[in-house]
Amino acid sequence: MATLPELNIPASTSTVDVSIVNTTGILRGLDPSRFFLPKIPGHDYLATPCFAFLLQHPALDRSLVFDLGMRKDYWNWPPHLLGFFEKANVDIIAPKGIREVLDEHGVDTKRIEAVIWSHSHFDHTGDPATFEPSTALIVGPGTKEKLFPGYPANPNARFLESDYAGREVRELDFAASTLRIGQFRAIDYFGDGSFYFLDSPGHCIGHVCGFARVTSSPDSFVLMGGDVIHHDGELRPHHWHPLPDAILPHPFAPLSTTPCPGSLFDALLRDGSREEPIYLPSLEPPPGQRAVHEDPALAAATIRRLQELDAYDNILVAAAHNHYLLQVADFFPAKANGFAAAGWTRKLRWKFLADFAKAVGYEGEVTATGDYTPLPKEGGA
Ligand SMILES: [Zn+2]
């Protein structure tokens, strides 16, 4: 393997407990080409869960929630959003709000000091008003100036004024920090090296990732991705994880002991390179549809930076909509702290290739491990 990139993560023995939370929200039927290109036959729609994260700092007795998924009363979203989903025939499933999910397992949600929006899109903003007024809302740079106020003061907003009314809104200021993790500007939130914010612009103004140290000696980190990518095919293959000659676990048959030949995917490689991701963030939305990325070129540059972190087996890149995590990870109420020892990164790495079974002419049945059900679009894809 290529020499690993230098990330210069400050040494620390402080850790946080992290749980990946399945918020129960699902968006089903989105057109992938709005998010990434090229179009690959058979990967025709997205059925995406909306993951969030619970962070607990036991030594300091402080806790945070990173992203909130969708609000359960989504019919209260700004009308332009509802109109879009109706027109695009997208199913919205949101049986529970995240506070309910946390409360069901006894989390002391009254004492959560802040909820964090990775960015201010409706599938991450949840309903902060379900949390105590003493719980602050943390947003990324530029959010207040460029995206506030919410609906109805701003009819085009993707969130509501009630999301932050009567609540402290703290905007992260990366310019005030000289810290870098890899090529990301970073902020050490607790001041002890246990949890960082990473400036990860492009998809949306103020997009941030979380980066939590979940074990020390040896170190391991969970990267809370938000929408830094919408599919692992935007991240891999890359220089440090080129498409292998033999892929195990087999992306189509995870229990098979016979590896999947990497050459099966050669026709999908961009410029024929085994070191370039299969997808790029969409520059142009499909005709008649609204662009989803604020700045696609910047989003692509952020993904380049992310690849340096993804090079490491002890860094788990957990994007909000990566349903393949359901096959390899233990979710809330379990903790993700043991992911490195359990080999989640290796198991997850090439799972996304299962989306290309049809494109490569695989004729067997694609099987899943874990409790994930592939969620076919009603009425067929
Ligand atoms: Zn999203």
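Residues numbered from 1 in each chain as written. Predicted model: local features only at pLDDT ≥ 70, side-chain atom pairs only at ≥ 80, totals over all residues.

## Observations regarding the overall build of the protein
- In terms of helices and strands, the protein carries eight helices and 17 strands.
- A globule of 381 residues ought to have a C-alpha radius of gyration of about 21 Å, and the protein, at 20 Å, matches this closely.
- If one aligns the C-alpha atoms of the protein with their principal axes, the spans along those axes are about 55 × 50 × 40 Å.
- Relative to its full complement of 381 residues, the protein shows a buried share of 47%. (Helix = DSSP H or I, 4+ residues; strand = E, 2+ residues; numbered from the N terminus. Rg over C-alpha atoms; globule rule 2.2 N^0.38 Å. Buried ≥ 20, exposed ≤ 12 C-beta atoms within 10 Å, placed from the backbone.)

## Looking at the sheet that holds strand β10 (residues 184-188)
- Spatial ordering of the open sheet is given by β9-β10-β11-β12-β13-β17, a layout of six strands whose pairing is mixed. Edge strands, defined here as strands with exactly one partner in the open sheet, are β9 (180-181) and β17 (315-318).
- Direction of pairing for strand β12 (residues 208-215) relative to strand β13 (residues 220-224): antiparallel, over a ladder of five bridges. Of the residues in β13, the one forming a bridge with Arg 213 is Phe 221. (Pairing = 2+ DSSP bridges.)

## Brief notes about the environment of His 323
- Mapped onto the elements of the fold, His 323 is located in the loop between β17 and α6 (325-328).
- The class for His 323 is buried, based on 22 C-beta atoms found within 10 Å.
- With 272 residues separating them along the chain, His 323 and Phe 51 place their C-alpha atoms 8.8 Å apart.

## Here's the deal with the sheet that holds strand β7 (residues 136-139)
- Taken in spatial order, the seven strands of this open sheet run β5-β1-β3-β4-β6-β7-β8, and their pairing is mixed. Two strands bound the open sheet, and with one partner strand each, they are β5 (91-93) and β8 (169-171). Strand-to-strand twist across the sheet, computed as the mean angle between neighbouring axes with direction ignored, equals 25 degrees.
- With three bridges connecting them, strand β1 (residues 17-30) and β5 associate as antiparallel partners. Along β5, the bridge assignment pairs Ile 26 with Ile 93. (Axes fitted to C-alpha atoms, helices over the stretch in contact; angles between N-to-C directions.)

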